[in-house]
Amino acid sequence: MNGTDTHTLELKQGDTLKIFFETVKGSLEMKITSPDGTSLYQGDGTVTEFTVEAPVDGPYAIVVAGQNAKGRIHVDVEKVPASTEPAETPEPSNFTVKEEILPAEAPTRETTDTSVSIAPPVQEHNNSDAVTADDLVGPWHLVEDEKDNATAMEAIPGAMEFGNSMEITSNGHISWYIGADGGTGTYSLSGDILSADMTNDFDQSSMKMEFTVEKTDDGTFLYTEYKGLLLCWSQGEGETGKGGDDEAESGYPGADVVELVNLRGDTTTVYKLADGTYMDRIERRFTYNGTDTWTDEDGVEWKCKF
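Here the residue index of a chain counts from 1 through its sequence in written order. Confidence filtering applies because this is a predicted model: local features only for residues at pLDDT of at least 70, side-chain atom pairs given and counted only at 80 or more, and all residues used for totals across whole chains, interfaces and linings. In computing side-chain properties, one takes all heavy atoms of the structure into account and sets aside hydrogens as well as water.

1. Observations regarding unusual backbone geometry
Phi is positive for lysine 227, close to 55°, though the residue is something other than glycine. Position of lysine 227 among the secondary structure elements: in the loop between β13 (219-226) and β14 (229-235). Non-glycine residue glutamate 283 carries a positive phi angle of around 65°. In this description a helix means any DSSP run of H or I spanning at least four residues, a strand means any run of E spanning at least two, and both kinds are numbered starting from the N terminus. Here glutamate 283 shows up in the loop between β17 (278-279) and β18 (285-288).

Structure, rendered in structure tokens:
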């Protein structure tokens with residue numbers, strides 16, 4: 001989003017605005033002004049959930065300004081009980097800051113309630129630019145010149161040695177790793193949001209991740225928050241870690257990252273090294289036969305899980 005959008009709500013004294021406000025990327029600010037011009041709220045989404053109570057009757061202006069912004073705003077209007085006349089229901093807002101309009105939340109008390117969804121997209125797209133799952137299938141890598149990506153590569157153990165990679169398949173599976181961190185699972189796509197239910201490769205814990213798709217003239221990108229960092233993934237192959245020139249990709253068969261399973265049902269994720277062998281996160285070495293079998297250092301055979 002670039003620019004300013006304004007939405008007006010007609011409120012009664014005591015009506016409450018229940019607001020969810022999240023800034024994902026860029027600069028996004030919101031200001032709520034009462035009929036007499038008093039500023040009731042002004043912020044950048046640092047506090048994501050809060051309420052604002054209308055002090056007087058009249059029109060309230062909600063102004064959202066963004067610069068290269070991506071985020072989400074949802075406003076639920078909770079009306080005070082009316083003793084004689086039913087509360088009027090405002091028309092739903094057409095003001096959007098995001099391509100996908102969020103559903104209204106259920107009211108929390110027995111009053112006359114209405115919801116207004118405000119959600120601004122990063123940039124305008126016509127229907128022909130709608131994202132499909134086929135657009136996302138294939139390998140992905142972290143963009144080198146993104147600040148948080150560089151921080152992740154320095155902070156996550158093994159990132160400089162093993163590199164990073166993400167793979168999205170056409171049958172609904174997704175896997176990624178950054179050094180010794182990573183996960184595998186399944187995904188679904190709704191609008192420009194890819195939601196993934198994943199299992200952490202290291203401790204087998206469950207985790208949910210949400211990726212926001214952004215299509216630009218420079219390509220397609222996926223943004224996600226991980227450990228307090230906003231990571232940016234770019235479509236296509238990246239470097240495979242130590243070696244820097246994709247030695248493994250050019251000289252040896254096999255994918256850069258593979259989830260394996262053995263006859264006992266044990267699973268592990270392995271990563272290709274510069275010499276064409278594979279290693280998992282507990283530093284077991286695997287030899288790949290070039291077709292469908294990986295053999296670990298104890299002679300146990302493993303197959304690709306998917």
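2. Description of the sheet that holds β13
Two strands qualify as a pair provided DSSP detects at least 2 bridges between them. With antiparallel pairing, the eight strands of this closed barrel are ordered in space as β7-β8-β9-β10-β11-β12-β13-β14. Between one strand and the next, the sheet's axes are offset by a mean angle of 30°, whatever the strand orientation. Examined bridge by bridge, strand β9 (residues 173-178) and strand β10 (residues 181-190) share six bridges and lie antiparallel to one another. Directly across from tryptophan 176, in β10, lies its bridge partner glycine 183. To obtain each axis, a line is fitted to C-alpha atoms, and for helices this fit is confined to the stretch in contact; angles are then taken between N-to-C directions over 0 to 180 degrees.

3. A look at the pairing of β18
On a regular strand, each side chain points to the face opposite its neighbour's, so the side chains alternate between the two faces of the sheet. Residues Phe286 and Tyr288 of β18 are buried on one face, while the alternating residues Arg285 and Thr287, pointing to the opposite face, are not. Sheet topology note: the β17/β18 ladder contains two bridges and is antiparallel. If you follow tyrosine 278 over to β18, its bridge partner there is phenylalanine 286. Where β17 folds back onto β18 in an antiparallel hairpin, the turn is made up of five residues, including glutamate 283, whose phi is positive at roughly 65°. Two elements, β18 and strand β19 (residues 294-296), share three bridges in a ladder whose sense is antiparallel. Along β19, the bridge assignment pairs threonine 287 with threonine 295. What sits between the antiparallel neighbours β18 and β19 is a turn of five residues, in which glycine 290 has the positive phi angle 90°. Remark: exposure states derive from per-residue accessible area (1.4 Å probe, protein chains only) relative to the maximum for the residue type, with buried under 20%, exposed over 50%, and partly exposed in between.

4. Details of the packing of aromatic side chains
When two rings of Phe, Tyr or Trp (its six-membered ring) have centres within 6.5 Å they constitute a pair, described as stacked for plane angles under 30 degrees, edge-to-face for angles over 60, and tilted for the intermediate range. Counted under the stated rule, the structure contains eight aromatic pairs. Between tyrosine 41 and phenylalanine 50, the aromatic rings sit 4.3 Å apart at their centres with planes inclined by 25°, giving stacked as the arrangement. Here tyrosine 41 falls in the buried class, since its relative accessible area comes to 15%. Here the aromatic rings of tyrosine 288 and tryptophan 294 are separated by 4.3 Å at their centres, their planes lie at 20°, and the arrangement is stacked. Among the residues examined, tyrosine 288 registers a relative accessible area of 18% and is labelled buried. Of the aromatic side chains, those joined through ring pairs into one cluster are Trp176, Tyr226 and Trp233.

5. Here's the deal with the confidence of the model for the chain
The score called pLDDT rates the predictor's confidence residue by residue, from a low of 0 to a high of 100. Averaged over the chain, the pLDDT score is 77; the fraction of residues at 70 or greater is 77%. Per-element confidence in the chain ranges from a low mean pLDDT of 43 for strand β6 (residues 113-118) to a high of 94 for β19. Residue contacts are counted whenever heavy atoms from the two residues lie within 4.5 Å of one another. Considering only residues more than four positions removed or in separate chains, one finds that residues 91-128, a stretch of pLDDT under 50, has 104 contacts. A low-confidence stretch, residues 240-250 stays under pLDDT 50, and its non-local contacts, those more than four residues away or across chains, total 24 contacts.

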